[in-house]
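Summary of structural features
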Amino acid sequence: MTTRDVLDASLGATLAQALVTGIYASIFVETIAPVLRNGHQKTLGAALILLFCSIITSLGAKCKLVRDRLVFDRKDLDTATLAIANASYLVAVVIADFLLVYRCCIVWMRSVKLSFIFSLVLLAECVYFVLDIMPQGYLPPALAETSQPVFNFISLGVTVLATTLIVYRICDVSRRSIDGGSAYRYTTEVVVESGALNSVMLLLTSILLIMCTGKPLVGPTIQAYCYCLGISIPITGIAPTLIAYRIATRRARDEKRWSQPISALRFESTSSVRTLDDAAPSEA
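Cut-offs used in this document
Residues numbered from 1 in each chain as written. Predicted model: local features only at pLDDT ≥ 70, side-chain atom pairs only at ≥ 80, totals over all residues. Heavy atoms only, no water. Phe/Tyr/Trp six-rings, centres within 6.5 Å; stacked < 30°, edge-to-face > 60°. Helix = DSSP H or I, 4+ residues; strand = E, 2+ residues; numbered from the N terminus. Buried < 20%, exposed > 50% of the residue type's maximum accessible area, 1.4 Å probe, protein only. Axes fitted to C-alpha atoms, helices over the stretch in contact; angles between N-to-C directions. Parallel < 35°, antiparallel > 145°, perpendicular 65-115°, else oblique. Left-handed = near helix turned anticlockwise from the far one by under 90°. Contact = heavy atoms within 4.5 Å. Nonpolar A, V, L, I, M, F, W, Y, C, P; charged D, E, K, R; others polar. Lys, Arg positive; Asp, Glu negative; His and termini not counted. Salt bridge = Lys/Arg side-chain N within 4 Å of Asp/Glu carboxyl O. Patch = residues over 30% accessible without salt bridge, like charges linked within 9 Å, V, L, I, M, F, W, Y side chains within 5 Å. Areas by Shrake-Rupley, 256 points an atom, 1.4 Å probe, with all protein chains shown as cover. UniProt positions renumbered as here; feature names shortened; annotations may be inferred. pLDDT = per-residue confidence, 0-100.

Our next topic: the packing of aromatic side chains. Working definition: an aromatic ring pair is given by the centre-to-centre distance plus the angle between the planes. All chains considered together, the criterion is met by four aromatic pairs. Ring centres of Tyr-24 and Phe-52 lie 5.5 Å apart, and the angle between their planes is 50 degrees; this geometry places the pair in the tilted category. Taken together, the residues span a long stretch of sequence, with Tyr-24 in helix α1 (residues 3–37) and Phe-52 in helix α2 (residues 42–70) at a distance of 28 residues. Residue Tyr-24 is classed as buried on the basis of its relative accessible area of 0%. Taken together, a centroid distance of 6.0 Å and an interplanar angle of 10 degrees make the contact between Trp-108 and Tyr-168 stacked. On the criterion of sequence distance, the pair formed by Trp-108 in the loop between α3 (79–107) and α4 (112–133) and Tyr-168 in helix α5 (residues 141–176) is long-range, its members being 60 residues apart. With relative accessibility at 22%, the residue Trp-108 sits in the partly exposed group.

Our next topic: unusual backbone geometry. Phi is mostly negative for residues that are not glycine, and the peptide bonds are mostly trans. The backbone of Met-109 shows a phi angle near 60 degrees, a positive value even though the residue is not glycine. Looking at Met-109, the relative accessible area reads 42%, which means it is partly exposed. At Arg-110, a residue that is not glycine, the phi angle is positive and equals roughly 55 degrees. The topology assignment puts Arg-110 in the loop between α3 and α4.

With that settled, consider the packing of helix α7 (residues 196–212) against helix α8 (residues 220–248). The N-to-C vectors of α7 and α8 enclose an angle of 155 degrees; their axes lie 9 Å apart at closest approach. Compared by their axis directions, α7 and α8 come out roughly antiparallel. As α7 runs across α8, the sense of the crossing is left-handed. Here α7 contributes Leu-197, Asn-198, Met-201, Leu-204, Thr-205, Leu-208, Leu-209, Met-211 and Cys-212 to the contact with α8, which in turn contributes Thr-221, Ile-222, Ala-224, Tyr-225, Cys-228, Leu-229, Ile-231, Ser-232, Ile-235, Thr-236, Ile-238 and Ala-239. Residues belonging to the contact of α7 with α8 are distributed by class as follows: 16 nonpolar, five polar and no charged.

Note that Asp-97 resides in helix α3. Of the side chains bearing the opposite charge, Arg-103 lies closest to the buried Asp-97, which forms no salt bridge; the N-O distance is 15 Å. The residues touching Asp-97, leaving out its near neighbours within four places in the chain, are Leu-122, Glu-125, Ser-155, Val-158 and Thr-159.

This next bit is on a nonpolar patch on the surface. A surface patch of nonpolar side chains, amounting to about 470 Å² of accessible area, comprises Leu-11, Leu-15, Leu-70, Val-71 and Phe-72. The topology assignment puts Phe-72 in the loop between α2 and α3.

In this section: the environment of Cys-63. Tracing the chain through its elements places Cys-63 in helix α2. Each C-alpha atom, one on Cys-63 and one on Thr-14, is 6.8 Å from the other, the two residues being 49 residues apart in sequence.

Another aspect to go through is the UniProt feature "transmembrane region" (unreviewed entry) in the protein chain. UniProt tags residues 15–36, 43–61, 81–102, 114–131, 151–170, 190–210 and 222–248 as "transmembrane region" (unreviewed entry). Across residues 151–170, the secondary structure splits into 100% helix and 0% strand, with the terminal C-alpha atoms separated by 28 Å. With 100% helix and 0% strand, residues 222–248 has its two end C-alpha atoms placed 39 Å apart.

Our next topic: the confidence of the model for the protein chain. When the pLDDT values of the protein chain are averaged, the result is 79; 79% of them are 70 or greater. Averaged pLDDT values over the elements of the protein chain bottom out at 40 in helix α10 (residues 262–283) and peak at 91 in α4.

On to the pattern of salt bridges, then. This model, assessed by the stated rule, comprises two salt bridges. Of the charged contacts in the structure, one is a salt bridge between Arg-67 and Asp-68, with a shortest N-O distance of 3.7 Å. Judged by relative accessible area, which is 4%, Asp-68 ranks as buried. What you see here is one network of salt bridges that share partners, running through Lys-64, Arg-67 and Asp-68.

Put into structure tokens, the structure is as follows:
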């Protein structure tokens, strides 16, 4: 890839990231107000604010790197700015994964087994997060080269697994629910509350990364990877923020509705109908 191609890919990816970050900022503004008004969601509000600050910091660092290349024509990237961009992105990924896992545990009625499995995986993710943000020279070369790919793999696994479990749970509860609701409401619940948007972007970015591995840095595949990577950063914040918005505005099912036995509701409804039917002839 020539220098011009590198600049075009970097500039285009940064512009795409800025555009999607603007959309994310508008969603965040609409979400944080009802979250903070609810006194029981202070932890969620703090996590969303930290997530937003991390993504904005990542965008600011990326813009500075592009400015240094285009305006000041610097050949070497500023290592401090590059470290800030990388660390802020990793912080956003960790926060988003924790929020998605927490929602998954709520949907699955705080399953002990599920919580234990996710706790182990998130612990491993935090370990590799610490390894990734450590300065160069503190880790063996082999570990330094593999720490971030392993972190990305763990994050991808957590996101896809949590999304799949949430989608399955929504489909199962909606199928057995008496008031199933409209198709639009069902589709919105599946797409928004499962974090599917983040999972799709992570899968696409991972596929492009695999396609680029071991090949010269030329062609549209590398450029597509740069664009997807830039867009995936704000989407990391959009997915959990949309979930929080539905929770704060009471558009999502509360914890009682997830834990309520649907079969018991059907039984009680059927019993009441039979009682009325049996009572009707006697009253006549």
